[in-house]
Amino acid sequence: MTSKLKNLDKYNLLHNKNALEVFPNPFPHIIIRDALPSILVDELTTAFPINKFQSIKNLNNIRMDLSCEQVLKENDIPIIWKELIKYHSSSEFFYKLVDLFRDFIDDDAKSYIQSLKKDQIGIRNINKNKKIYLDAQISVNSPVFSVNSVRECHVDSGNKLYSGLFYLRQDNDFSNGGDLQLCKWKDGISHDAKLKLYREGLSKNYFDVYNEIKYEKNVAIFFINSLDSLHLVTPRNKTNQFRTFANFVAEAPIDFYQKETFFRQNFNKILANTIKIIKRVLRFKKNKSP
């Protein structure tokens, strides 16, 4: 680790081994309560750049992120946040996290990781031609005027290896809801059936809630992404407070898994080709007609 990143290790959300728990079910995930020292957490909470999100303050419960690219280049982001974001977009953090998941990553993804060289890991939207792109984002959900969920039951994109959250609930936020629920497919649903059934906002007929992680200050969650990594955010009640957190992802230029059947993945292409064939047939018939 370079000396510069070594200085940033104080922001490492995996540092508190006594507070870190790894769970295999309903899909591999890590929960870290009291992830960072309370003094540092108080500084991060106070310095949260809420001014960067005023454009959505009158919109109902929507998500907005500042990417690592934006955070590092904008001068009015507090240094403490620049440092936290920079560390969690580094190859050093990437390897520490995937090492914790080493017993739970499937063979294809494990082989992909083992083939990596450090210079093949970069930051999303900054680096090019990498095999892994990392991003750490400063994120919010806007105030709530009409109760709803910002994300219903879903899995993340197939090219994401892992996703993570770090909750920094503001001290004056007394709202209810906005908790993370980890879900599992109902028993007896086969892999092929999952591919056919899955939609963003999956019907409650097909999943059960396995665990709920409350939206609380200084709680971090990381999980391996797959078709089984169903999760949602519970509805928040009406509030003028932003839901404040950091978001982390590692993604690749390939998909680690599919979440749709071949037909649904290629629907637009199939439709376009079908239309072309029909047009050709019609032209042929027209030219053949007397």
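Note: the structure precedes this text.
So, here's what we can say about the structure. (Residues numbered from 1 in each chain as written. Predicted model: local features only at pLDDT ≥ 70, side-chain atom pairs only at ≥ 80, totals over all residues. Heavy atoms only, no water.)

## Overview of the overall build of the protein chain
A count of helical and extended segments in the protein chain gives nine helices and 11 strands. Within the span of the protein chain, comprising 290 residues, buried residues form 48% of the whole. Sequence-distant contacts, at least 24 apart, represent 81% of the contacts inside the protein chain between residues at least 6 apart. Total accessible area on the protein chain stands at roughly 15200 Å², and carbon and sulfur atoms take up 50% of it. (Helix = DSSP H or I, 4+ residues; strand = E, 2+ residues; numbered from the N terminus. Buried < 20%, exposed > 50% of the residue type's maximum accessible area, 1.4 Å probe, protein only. Contact = heavy atoms within 4.5 Å. Areas by Shrake-Rupley, 256 points an atom, 1.4 Å probe, with all protein chains shown as cover.)

## Examining the side chain of Ser149
With respect to the helices, strands and loops of the structure, Ser149 is situated in the loop between strand 5 (132-141) and strand 6 (160-167). A polar contact is formed between the side chain of Ser149 and the backbone oxygen of Arg151, at a distance of 2.8 Å. A distance of 2.4 Å separates the side chain of Ser149 from the backbone oxygen of Val233, its partner in a polar contact. If sequence neighbours within four positions are ignored, Ser149 has contacts with Asn61, Val233, Thr234 and Pro235. (Polar contact = N/O pair within 3.5 Å; in protein donor to acceptor, adjacent residues only side chain to side chain.)

## Quick notes on the sheet that holds strand 8 (residues 207-213)
An order of 8-7-10 is seen for the three strands of this open sheet, with the pairing classed as antiparallel. Every interior strand has two partners, whereas the edge strands, strand 8 and strand 10 (231-233), have only one. Looking at each pair of strands side by side, their axes are set apart by 30° on average, direction ignored. Here three bridges tie strand 7 (residues 180-185) to strand 10, and the two strands are oriented antiparallel to one another. In the sheet register, Leu180 faces strand 10, and the bridge partner there is Val233. (Pairing = 2+ DSSP bridges. Axes fitted to C-alpha atoms, helices over the stretch in contact; angles between N-to-C directions.)

## Here we look at the environment of Leu180
Relative to the assigned elements, Leu180 resides in strand 7. Using a relative accessible area of 1% as the deciding quantity, one classes Leu180 as buried. A sequence separation of 55 residues divides Leu180 from Pro235, and the C-alpha atoms of the two residues are 9.9 Å apart.

## With respect to helix 6 (residues 107-114)
When helix 6 is considered as a whole, its buried residues turn out to be Ala109, Tyr112 and Ile113. Buried residues of helix 6, seen end-on, are gathered within an arc of 95° and therefore sit on one face of the element. Those residues of helix 6 that are exposed and aimed more than 90 degrees away from the buried face are Asp107 and Gln114. Of the residues flanking the start of helix 6, the one acting as N-cap is Asp106, its side-chain oxygen 3.3 Å from the backbone nitrogen of Asp108. (Arc of directions from axis to C-beta.)

## Concerning the pairing of strand 11 (residues 243-251)
Within strand 11, nine of the nine residues are buried, which leaves the element mostly enclosed by the surrounding structure. Burial along strand 11 is two-sided: Arg243, Phe245, Asn247, Val249 and Glu251 and Thr244, Ala246, Phe248 and Ala250, pointing in opposite directions, are all buried. With nine bridges joining them, strand 5 and strand 11 adopt antiparallel strand pairing. Bridge pairing in strand 11 places Ala136 opposite Phe248.

## Description of helix 2 (residues 38-46)
All of the buried residues in helix 2 are Leu40, Val41, Leu44 and Thr45. Seen end-on, helix 2 carries its buried residues on one side only, within an arc spanning 135°. Residues of helix 2 that are exposed and point over 90 degrees away from its buried face: Ile39 and Thr46. Summarising the contacts, the buried residues of helix 2 are in contact with helix 4 (79-87) and strand 6.

None of this, on its own, says anything about what the molecule does.
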